[in-house]
Structure formats: C-alpha cells, structure tokens
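Chain residues, written in single-letter form:
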Amino acid sequence: MRQTAEGSLRARLRSVWNDTFLYTLLSILIGLLAGSVILLVTGFNPIEAYGTLFGGVLGTGKTRMYAVQYAAPIIFTGLSVTFAFKTGLFNIGAEGQYIMGGLAALVVSVLMPLPAGLHGAVAVLAGGLAGAVWGAVAGLLKAYKGIHEVIVTIMLNWIAFYFSNFIVMTPMFKKPNSTASVEVSETARIYTDAFKEHFGSVHIHWGMLLAPVAVAFCWVILNKTTLGFRLRAVGFNRNAAEYGGINVGRSISLSMGISGMLAGLGGAVQVLGVVGRITQLAAQEGYGFDGISVSMIGGINPIGALFAGLFYGGMKYGGSKLNIIGAPSELVNVIIGVIIYSIAIMGAFRALVFFFRAKKEGRPL
Amino acid sequence: MDDSLSGTVAASESPPAVDMLNITMMFGAFKANDNVCLTVPRRSIHAILGENGAGKSTLMNVLYGLLQPTSGEIRIKGERVSIDSPSRAIELGVGMVHQHFMLVPPFTVVENIILGREPMRGAGVMDMGKARADVKELSDRYGLNVDPDAKVEDISVGMQQRAEILKVLYRGADILILDEPTSSLTPQEIKDLERIMKNLVAEGKTVIIITHKLAEIKAIADLCTIIRAGKTIDTVRVSDVSEQELASMMVGRTVEFSIDKKPATPGEVVLNVENLVVRDYWDHEAVNGLNLTVRAGEIVGMAGVDGNGQSEFVAALTGLRKAESGVITISGVDMFNKSPRTLFEHGVSSIPEDRQKHGLVLDFSVAENLVLQNVGEPEFSRHGFLRKDNIMNHARELTETYDVRPAGCAAAKAGSLSGGNQQKVIIAREVTNDKELLICVNPTRGLDVGAIEYVHRHIVSQRDAGKAVLLISFELDEIMKLSDRIDVVFRGKVAGSVEGGKADQAMLGLMMAGGEAHAANR
Ligand SMILES: Nc1ncnc2c1ncn2[C@@H]1O[C@H](COP(=O)(O)OP(=O)(O)OP(=O)(O)O)[C@@H](O)[C@H]1O
Ligand SMILES: [Mg+2]
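Not measured: the values here are computed from a predicted model.

Chemist: What is the right way to look at the sheet that holds strand β3 (residues 45-50) of chain B in this model?
Modeler: Residue and element names in this part refer to chain B. An order of β6-β7-β8-β3-β9-β10 is seen for the 6 strands of this open sheet, with the pairing classed as mixed. The open sheet has two edge strands with one neighbour each: β6 (94-97) and β10 (231-237). For this sheet, the mean angle separating the axes of adjacent strands, direction not counted, is 20 degrees. Bridge analysis of β3 against strand β9 (residues 223-228) gives 5 bridges, and the strand direction is parallel. Opposite leucine 49, over in β9, you have isoleucine 226 as the bridge partner. Contacts from helix α6 (residues 157-170) reach β6 and β7 (175-179), with the element oriented near 165 degrees to β6. Contacting β3, β9 and β10, helix α9 (residues 243-251) crosses the sheet at an angle of about 30 degrees to β9.

Chemist: Please explain the site of ligand 1 as it appears in this structure.
Modeler: All names here are of chain B. Around ligand 1 lies a shell of 19 residues, among which Gly53, Lys56, Ser57, Thr58 and Ser418 are the nearest. The separation between an oxygen atom of ligand 1 and a polar side-chain atom of asparagine 52 is 3.0 Å. Between an oxygen atom of ligand 1 and a side-chain N or O atom of serine 418, the distance comes to 2.7 Å. Summarising the interface, the protein chains cover 83% of the accessible area of ligand 1, which totals 640 Å² for the free molecule. Secondary-structure elements contributing two or more residues to the shell around ligand 1 are β2 (30-40), α2 (56-63) and α15 (419-432).

Chemist: What exactly am I supposed to notice about the interface of chain A and chain B here?
Modeler: How big an interface is tends to be reported as the loss of accessible area on association of its parts. In this complex, chain A contributes 23 residues to the contact, which on the side of chain B involves 35 residues. Buried area between chain A and chain B, both sides added, is near 2600 Å², and the carbon and sulfur share of it is 63%. Inspection of the region where chain A meets chain B yields 1 salt bridge. Joining chain A to chain B, the criterion identifies 10 residue pairs in polar contact (both at pLDDT 80 or more).

Chemist: Quick question: what am I supposed to make of the pairing of β7 of chain B here?
Modeler: The side chains of a regular strand alternate between both faces of the sheet. Residues and elements named next belong to chain B. When you tally the buried positions in β7, you get 5 out of 5 residues, the bulk of the element. Two strands pair when backbone bridges link them, and β6 and β7 are joined in this way by 4 bridges, in the parallel orientation. For glycine 95, the partnering residue across the bridge sits in β7 and is leucine 176. Summarising the sheet, β7 and strand β8 (residues 206-210) pair through 5 bridges and their orientation is parallel. Across the sheet, leucine 178 pairs through a bridge with isoleucine 209, a residue of β8. Handedness of the crossover joining β7 and β8 through helix α7 (residues 187-202) is recorded here as right-handed.

Chemist: Quick question: what am I supposed to make of α6 of chain B here?
Modeler: One turn of an α-helix holds 3.6 residues; hence residues three or four places apart share an orientation. All names here are of chain B. When the terminal C-alpha atoms of α6 are compared, their 20 Å separation across 14 residues agrees well with the 20 Å that a helix rising 1.5 Å per residue should span. In terms of burial, α6 is a largely internal element, 13 of the 14 residues being buried. Two residues or fewer after α6 comes glycine 172, characterised by a positive phi angle close to 85 degrees.

Chemist: So what exactly am I meant to see when it comes to the pattern of salt bridges here?
Modeler: Pairs can form between side chains of opposite charge whenever their charged atoms are close. Residues and elements named next belong to chain B. Evaluation of the coordinates by the stated rule reveals 34 salt bridges over all chains. Among the ionic pairs, glutamate 499 bridges to lysine 502, the shortest N-O distance being 3.8 Å. Where salt bridges share partners, they join Lys261, Lys262, Arg463, Asp464 and Asp484 into one cluster.

Chemist: Looking at this model, I keep getting lost on unusual backbone geometry. Mind explaining?
Modeler: Note on backbone geometry: most residues besides glycine have negative phi, and most peptide bonds are trans. Residue and element names in this part refer to chain B. The linkage connecting arginine 405 with the following residue, proline 406, adopts the cis geometry, with an omega of 0 degrees. Mapped onto the elements of the fold, proline 406 is located in the loop between α14 (388-401) and α15. Phi angles above zero are rare outside glycine, and alanine 229 is one such case at about 50 degrees. Mapping alanine 229 onto the fold places it in the loop between β9 and β10. What makes alanine 229 exposed here is its relative accessible area of 59%. A positive phi angle is found at serine 331, which is not glycine, with a value near 45 degrees. Tracing the backbone through its elements, the reader meets serine 331 in the loop between β14 (325-330) and β15 (333-334).

Chemist: What exactly am I supposed to notice about the sheet that holds strand β22 (residues 493-499) of chain B here?
Modeler: The strands making up a sheet associate through hydrogen bonds between their backbones, and the pairing can be parallel or antiparallel. Residues and elements named next belong to chain B. Here we have 6 strands laid out as an open sheet, ordered β16-β19-β20-β13-β21-β22, and mixed in their pairing. The open sheet has two free edges, formed respectively by β16 (348-351) and β22, since each of these has just one partner strand. Put simply, the sheet's adjacent strands are angled 20 degrees from each other on average, direction ignored. Here strand β13 (residues 299-303) pairs with strand β21 (residues 485-490) via 4 bridges, running parallel. Its bridge partner being in β21, methionine 302 is matched across the sheet by aspartate 487. Seen against the sheet, helix α10 (residues 310-317) touches β13, β19 (437-441), β20 (468-472) and β21 and runs at an angle of roughly 145 degrees to β20. Its contacts with the sheet put α15 on β16 and β19, and the angle it makes with β16 is roughly 170 degrees.

Chemist: I would appreciate a short explanation of a nonpolar patch on the surface in the present structure.
Modeler: Side chains of Leu26, Leu29, Ile30 and Leu33 of chain A sit close together on the surface and give an oily, nonpolar patch of about 340 Å² of accessible area. Position of leucine 26 of chain A among the secondary structure elements: in helix α1 (residues 2-41).

Chemist: Would you mind going over the packing of aromatic side chains with me for this structure?
Modeler: Where two aromatic rings form a pair, the distance of their centres and the angle of their planes describe that pair. Evaluated as defined, the whole model comprises 11 aromatic pairs over all chains. Residues tryptophan 158 of chain A and phenylalanine 161 of chain A carry aromatic rings whose centres are separated by 5.4 Å and whose planes lie at 85 degrees to one another, so their mutual orientation is edge-to-face. On the criterion of helical spacing, the pair formed by tryptophan 158 of chain A and phenylalanine 161 of chain A is a turn pair, its members being 3 residues apart in helix α6 (residues 149-169). Its relative accessible area of 39% is what places tryptophan 158 of chain A among the partly exposed residues. When the centroid spacing of 5.0 Å and the interplanar angle of 75 degrees are considered together, the rings of phenylalanine 161 of chain A and tyrosine 162 of chain A count as edge-to-face. You can call phenylalanine 161 of chain A buried: its relative accessible area is 3%. Taking the ring centre of tyrosine 312 of chain A as reference, the NZ or CZ of lysine 316 of chain A above it sits at 5.9 Å. Its guanidinium or amino end placed over the ring of phenylalanine 344 of chain B, lysine 435 of chain B lies 4.1 Å from that ring's centre, counting from NZ or CZ.

About the thresholds
Residues numbered from 1 in each chain as written. Chains lettered and ligands numbered in written order. Predicted model: local features only at pLDDT ≥ 70, side-chain atom pairs only at ≥ 80, totals over all residues. Heavy atoms only, no water. Pairing = 2+ DSSP bridges. Helix = DSSP H or I, 4+ residues; strand = E, 2+ residues; numbered from the N terminus. Axes fitted to C-alpha atoms, helices over the stretch in contact; angles between N-to-C directions. Contact = heavy atoms within 4.5 Å. Near = heavy atom within 4 Å. Polar contact = N/O pair within 3.5 Å; in protein donor to acceptor, adjacent residues only side chain to side chain. Areas by Shrake-Rupley, 256 points an atom, 1.4 Å probe, with all protein chains shown as cover. Buried area = accessible area lost by both parts, 1.4 Å probe. Salt bridge = Lys/Arg side-chain N within 4 Å of Asp/Glu carboxyl O. Buried < 20%, exposed > 50% of the residue type's maximum accessible area, 1.4 Å probe, protein only. Right-handed = clockwise from strand over helix to strand, strands pointing away. Expected span 1.5 Å × (residues − 1). Patch = residues over 30% accessible without salt bridge, like charges linked within 9 Å, V, L, I, M, F, W, Y side chains within 5 Å. Phe/Tyr/Trp six-rings, centres within 6.5 Å; stacked < 30°, edge-to-face > 60°. Lys NZ or Arg CZ within 6 Å of the ring centre and 35° of its normal.

Printed below as a string of structure tokens:
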C-alpha cells in the first residue's frame with residue numbers, strides 16, 4: 001500500500017500537470033494562434049504585432065508594473081469567483097461586489113476623517129465589508145429562500161451599478177462640473193510616489209501586496225481549515241453536509257460573504273490606489289466579469305488566479321500598445337475570448353482523451 | 001469450474017447465453033477480477049454471490065461493455081465477441097440495470113424509456129403515440145405494472161426500478177443484468193420483482209442477478225456463481241445447497257446467522273417520543289400521534305410496511321424535517337425540531353436511509369468523510385486548522401477495524417468504493433461516535449452476509465455498552481434477530497409492541513397489516 005500511496009502522489013502531480021496546466025497553456029496558444037489569423041487577415045504581421053504587445057508589456061520595469069496595476073483588481077475578482085466555485089456556488093456578482101467595495105471605500109475616505117495611513121486601511125476594510133454584505137445577501141437568499149445565486153447576483157450587479165451612479169451624483173459626492181465624484185481624500189490614498197523615478201506614472205499601491213496575501217488566504221482557508229472543509233462539503237453534497245451536522249445555510253451565506261469580500265477589496269484598492277474617484281458609468285466596467293475569465297484561466301484555483309490575473313492584466317495593458325502599429329487593441333479581447341472558449345472546449349476534449357485512455361487501460365469511466 | 005455441470009448444460013441445450021472465460025480485470029496493480037469464469041445457460045436465472053468488493057459489479061460492467069477486461073474472452077450465444085461499449089452490448093442483446101438508477105426525474109416513464117431511441121414519424125417528429133403503445137404492451141406482457149405517463153420523480157423506488165427493466169427490454173435485450181436490484185426495495189416490491197423475473201425467463205429471456213440475499217437466491221435462481229476476492233470459487237445448482245453452505249463458500253468460513261445476545265438490561269429512558277405528528281410532502285399527516293421510548297441498553301426495532309410514516313418519523317427525529325407537534329426528548333432534554341448539529345451534540349448518531357444522499361460526500365476522501373461531523377474536535381483540528389495526519393490515522397484505524405476494502409483506502413474518494421464498502425464507512429463513523437442514541441435505518445443495506453454479521457455484532461455491543469439503539473429496517477429477520485422489543489407502526493402510529501424473543505414472522509406480518517395489537521398475545 002505504501003507503493004500506491006507514493007504512486008498516487010505522483011499520479012496526482014501528473015494529473016495536475018496534465019489536466020490543468022498543460023491544457024491552459026495549450027488554450028493560450030490557441031488563443032494567440034487565433035489572434036494571428038485575424039492579424040494576417042486584416043493585413044498585419046503577427047510577429048510584429050505580438051512583438052509590440054509582449055515587448056510593450058515586458059519591456060521595462062515601468063511597463064511590467066503597469067501590467068501589475070492592471071492585474072491587481074482582477075486578481076481579487078478572480079479569487080472571488082474561484083472561492084465561491086470551490087464551495088459549489090456560482091458568483092456572477094463579483095461585478096456588483098466590486099462596485100460596492102469601491103463605493104464604500106470612497107464614502108469612508110470622504111466622510112470619515114482619519115490620520116493618514118490608518119484612513120486608507122479603514123477605507124479598504126470598509127470596501128471588503130461592503131462587498132461581503134453584497135455577497136452575503138445573495139448567499140442568504142440562496143440559503144434560506146432557495147433563490148438561485150446566479151439570478152440574485154446578476155440583479156444585485158445592476159442595483160449596485162445604479163446605486164453607485166446615484167451616490168456619486170449626490171451633492172455630497174459630486175465634483176462640480178463633472179460626471180465623477182470628488183477625489184478620495186489625501187489621507188486615504190494607498191499608493192506611494194516613492195518609486196516615481198523607476199516606474200513613473202504607475203500607481204504602486206498596497207493592493208498589489210494585498211492581492212497575493214488574499215491568494216494565500218483563500219488557499220489556506222480552502223485547504224487547511226475546518227471552515228474550508230465544511231464549505232467544500234456543502235458544495236459537494238449539501239444533504240450529507242446537513243445530515244453531518246454542518247449548518248448549510250450559514251455555510252452558503254458565509255461562503256458568498258467571503259467571496260464578496262474579495263471582490264469588494266478589489267474595488268476598494270482600485271479606487272483608493274489607482275483611480276482616485278468614481279465616475280458615473282454608462283455601462284458596467286466588467287471587472288467582475290473579467291474575474292470569471294481569470295478564474296477559468298486559472299483553473300479555478302487560488303494560485304492559478306494569481307497567475308491568470310497577471311496574464312490577463314498584462315494582455316489588457318499590452319492591448320493599448322497595439323495602436324502603435326495601427327492594429328486594434330480589441331484584438332486582446334478576441335484572444336482572451338478564444339482562450340476561454342478553448343478552456344471550456346478543453347473540458348470536453350479532456351473528457352474525450354480520458355475516455356479513450358480509460359478504454360485502452362480498461363479503466364471504468 | 002464444475003465440469004459435469006457445464007457439461008450437462010452444453011449437451012442438453014444450444015450454446016449458453018453468456019460464456020465469460022478467464023476474465024481478468026486490473027485497476028492499476030489491483031486485480032478486481034482474477035481469471036473469472038461464468039457460464040450462464042439460456043432461459044435461466046443466474047445468481048452471482050460474493051462479498052462486498054469481491055468484484056461482482058466489475059464483472060458485470062465488463063459484460064456490459066463499461067469496462068474492458070485486461071484479458072479473457074466473452075461469448076454471447078456461442079459467438080466470440082468483443083464488447084467495447086454499452087451500445088455494442090445492447091446490440092448483442094445484453095442490458096443492465098444499475099444499482100443506482102439513471103432516470104431523468106422530471107420526465108415521464110415513457111419519455112425516459114425512449115430516451116435515445118425515440119420512434120420517429122418522418123423528419124424529426126417524435127411518435128409519442130407509438131412509443132406509449134409499445135411501452136404499455138411490454139409492461140403488460142411481463143407484468144411490470146408501470147404507469148407510462150407518471151413522472152419518474154413521483155413514483156416509488158420499486159416502480160422506478162421496473163421502469164429501468166422496461167427500458168432495457170424496450171431496447172431489445174434478452175440477457176438482463178440486474179445489479180443488486182432488491183437492496184432498496186420493500187419486501188412486497190421484492191416479491192413483485194421475483195415474479196417479474198420468472199415471467200422474463202418464461203418468455204425466453206436470461207437473467208443475471210447480483211444479490212446478497214441468500215433466501216432470494218434460493219427462491220428464484222437456478223445456478224449461483226460464487227466469487228471471492230476476484231476469483232471464481234464455484235458454480236452450484238441452487239437446489240443442491242443450503243443458505244448456510246452458500247454463505248460459507250462466499251466468505252470462506254462458517255457464518256453465524258444467529259447472534260449471541262445476552263438479555264437486555266434496560267436503564268434510563270434515552271429517547272422519548274410522545275404524540276408526534278409529522279406531515280409528509282403532500283401535507284398528509286404521515287405520522288400522527290406516534291409514541292415511542294428507547295431506554296439505555298436496549299434495541300428497539302421498528303417494523304412496518306413501507307409508507308406507514310417511517311421515513312417521515314426518522315426525518316423528524318434526525319432534524320431533516322420539521323414535525324408538526326408532539327414531544328421529542330433525549331435523556332430528558334427537549335429535542336423537538338432541532339437541527340442535526342444540535343441533535344449530534346446532544347447524543348444522537350444515525351445511519352441514514354440513503355447513503356449517497358445523506359451519508360457520504362462522494363467527492364471527499366474516505367478519511368474526510370469519517371470526520372464529517374467531528375472535524376471541529378481537538379483531535380482533528382486546532383484553532384480551526386485541520387490536523388491532516390490525525391485525520392488520516394483515524395481513517396486508517398477505522399477502515400481496518402471495520403474491514404472497509406480495499407485495504408488502505410483511507411485516501412481514496414468515497415465514490416470509488418463498492419456500494420457495500422461505502423455503507424461500512426458510514427457505519428464505522430456513526431458507531432464510533434459512541435453517542436447515547438444510535439438510530440439505524442436499514443443499516444445493512446447492500447452488505448454481504450459476513451459484513452452483516454459483523455455490523456450486527458457492533459450494534460449489539462453498543463447496546464451492551466449501555467447505549468440506546470433504534471433500529472428501523474425493512475428486513476424483518478434483522479429486526480427479529482436484534483431487537484429486544486419490536487414496535488410495529490401502522491398508519492403513522494405504533495400499533496403494537498412485542499418482546500423481541502417472542503415475535504415470529506406471521507404475527508408481525510399480521511400486525512403490520514393493521515391487525516390488532518393484541519394479536520401479539522395469541
Ligand atoms: N474505478 C475503480 N478504481 C479502482 N478500484 C476499483 C474501481 N472500481 C472498483 N474498484 C475496486 O474493485 C473491487 C471490486 O469492486 P466491485 O464494485 O466489483 O465490488 P462488488 O463485488 O460489486 O461489491 P459490492 O457488493 O460492495 O457492491 C473493489 O475493491 C473496488 O474498490
Ligand atoms: Mg457492486
């Protein structure tokens with residue numbers, strides 16, 4: 001049996017490699033290939049275009065930090081979606097939770113004078129809390145009223161969206177003669193100018209450090225704690241979890257709350273660290289939906305979400321560089337879209353490979 | 001294999017329906033089937049008997065094309081075939097009904113049966129009328145008695161199973177494999193199924209049935225093949241052997257059917273239920289005014305025909321369904337409509353009726369399942385962090401004590417275990433909880449006779465350790481063997497009570513059918 005234990009470890013490593021990592025790389029490759037076909041058809045040289053894109057991202061310290069700046073918020077929303085998914089919930093509401101997080105951060109920054117340093121921390125926490133409440137509403141409705149979280153979170157996204165627009169336009173927050181709020185107060189800013197000479201206009205902010213901390217937080221909760229154990233049990237088999245004495249309603253609410261908190265933190269650090277205000281929006285910005293993509297590219301794994309977030313952030317930033325050679329920056333969206341589709345299709349493809357392998361080795365399906 | 005036996009079969013009839021020769025099936029390095037031979041004559045009922053994890057389901061999955069054997073040969077009606085998929089098996093006339101049904105609940109019976117084989121009328125238009133007629137005709141011919149228009153989610157487990165059989169027949173199977181068809185059926189439904197199997201054979205079909213119930217084998221099967229640890233032990237003519245002999249062949253030792261049980265020494269009342277009323281799904285008072293007590297140190301059996309409120313009673317007792325009114329106390333503490341968590345904390349442990357729905361998280365490992373309720377205890381977690389080594393050690397210990405197979409399965413997913421071994425995991429967990437009250441609902445469902453004997457001993461030893469045990473089971477034998485007192489439920493009430501040693505089948509049967517309580521005194 002010792003032997004099988006060892007074998008199973010190796011098999012597990014192999015399966016992680018095979019099933020997730022390689023498939024993801026392959027999907028990215030397919031995405032880039034699809035992008036080059038489009039480039040060719042529209043009369044651009046793919047090598048030149050990709051050179052511009054990746055060179056533009058990886059070229060200097062400054063551009064690399066820009067990519068990180070783009071990545072930070074979507075790492076949070078990616079984690080949010082991932083966490084919910086790991087506990088059997090589909091959080092489409094990261095968008096709304098992100099908005100609420102940003103809004104709460106703004107409100108605290110404007111209305112609650114505190115000494116510098118502390119102010120920022122409190123505002124970030126307020127953002128996390130607001131996101132948590134927004135997520136928990138969906139969790140509570142699911143747990144105690146049986147309303148599916150997908151529907152509730154989609155509706156909550158719109159409520160958050162209009163609520164944010166409304167608050168921003170009230171006299172208390174509106175910046176005169178603009179369609180945006182006032183700036184967050186100086187004391188609540190969480191970025192630093194200390195690296196200005198290295199990174200120029202990039203906003204180096206505490207959220208960039210908080211993101212990997214959040215990754216570790218998710219991973220530890222899910223894999224190492226009794227809380228994660230219970231949340232996952234509810235995700236896999238609600239009935240057995242309930243029968244085993246786990247408070248299912250509480251678990252679902254808590255899980256959505258944690259998920260919402262992660263997205264809310266993303267909104268808060270973006271507002272306090274990068275944007276500095278909230279504008280009245282005509283359409284949702286899509287940070288929450290990007291989170292779904294990040295979660296998928298990351299293989300629905302917290303650590304995966306970190307790298308997927310960086311990748312996606314880099315692509316988003318790099319897209320703007322395509323204008324240099326006259327190629328449309330929307331190309332990046334096409335590439336990401338193809339990657340997502342490939343990953344989804346890979347699921348089917350994987351099932352097929354598994355099927356044939358199983359047949360060959362005589363394993364059951 | 002017994003030469004004379006296969007000799008007579010071959011000489012007297014056309015080639016056998018199924019001939020599996022030297023089938024070996026490996027899972028990695030593990031041999032689930034090791035040179036197994038199985039010859040099934042046409043128009044016969046052939047039983048396959050073996051311990052939990054012996055490899056019965058595996059062998060049948062090979063025959064049905066779900067698994068490809070590592071080596072060996074299969075002949076169907078004398079012709080050598082390779083069955084690489086279930087659709088190929090169906091082409092060859094082999095059909096299988098799995099232990100866990102595969103029906104679509106919101107669909108009607110007809111819709112389920114024709115799924116994938118819809119009769120068409122022209123381009124893309126389904127001929128429902130014809131489908132219905134065909135299904136009805138089949139149902140009548142074999143006496144299956146299914147309502148073709150009922151939705152699957154509304155019909156009983158027994159009828160769902162008959163619908164599955166109908167589905168297999170609809171696809172033209174003449175060799176039917178039934179994997180533990182009776183383990184979730186009530187005695188009445190089992191009788192119906194036995195009659196149906198005889199009809200099938202009379203109509204020229206061949207039936208292969210996996211079952212752990214020896215009496216059933218004696219009652220219906222012609223031949224029985226015994227498998228132990230993946231190897232064929234023997235194929236015998238059922239009429240030539242006793243149940244006792246079958247059991248010893250399968251386990252490899254003598255099995256004690258009777259249990260050595262000291263007289264009970266009941267103590268304080270642990271469970272007290274008074275005037276309990278519970279509504280069922282359709283808002284009927286399925287339990288109406290039920291009274292019951294279980295004392296420390298006694299086993300109370302609850303017997304009754306299915307549908308007399310037992311399920312609702314247990315659901316209310318275990319916190320899965322809200323009761324309407326009444327009293328439930330555990331050791332004097334009010335436990336009316338409390339959550340499963342509170343019940344657990346106040347000394348209630350239970351083996352649920354549906355092991356896959358309520359008992360196990362199939363995607364969790366065996367080890368994780370074993371700490372599902374008490375992961376918060378200091379042994380398994382500290383400051384909210386899991387102590388994985390302790391959890392694994394705990395699992396190793398329990399799987400060994402309770403003989404959960406294969407050995408060393410602590411890290412395996414619960415879903416990969418054979419059905420009987422899944423049940424053992426639950427029993428191990430609930431019995432080691434060592435609570436004041438142990439509720440057992442059909443605790444030995446799907447277990448082999450050896451394992452049943454073992455579980456029964458555990459239940460009795462819980463009693464001897466001063467625990468209160470409530471046993472609810474469809475198996476009258478089990479109830480009679482273990483109970484110190486038997487309460488018979490009829491229409492949501494306890495209709496009568498008999499001392500364990502004094503009960504007999506006939507008397508209980510009468511009471512279950514609604515006879516007067518004093519039938520006990522005749
Ligand atoms: N997919 C699998 N991977 C590894 N081992 C397996 C797999 N399927 C079955 N086994 C093992 O093969 C053995 C035989 O399993 P099988 O399901 O055939 O048992 P069984 O005789 O039907 O038992 P039961 O009476 O409990 O249903 C068991 O030890 C089981 O754990
Ligand atoms: Mg089986």
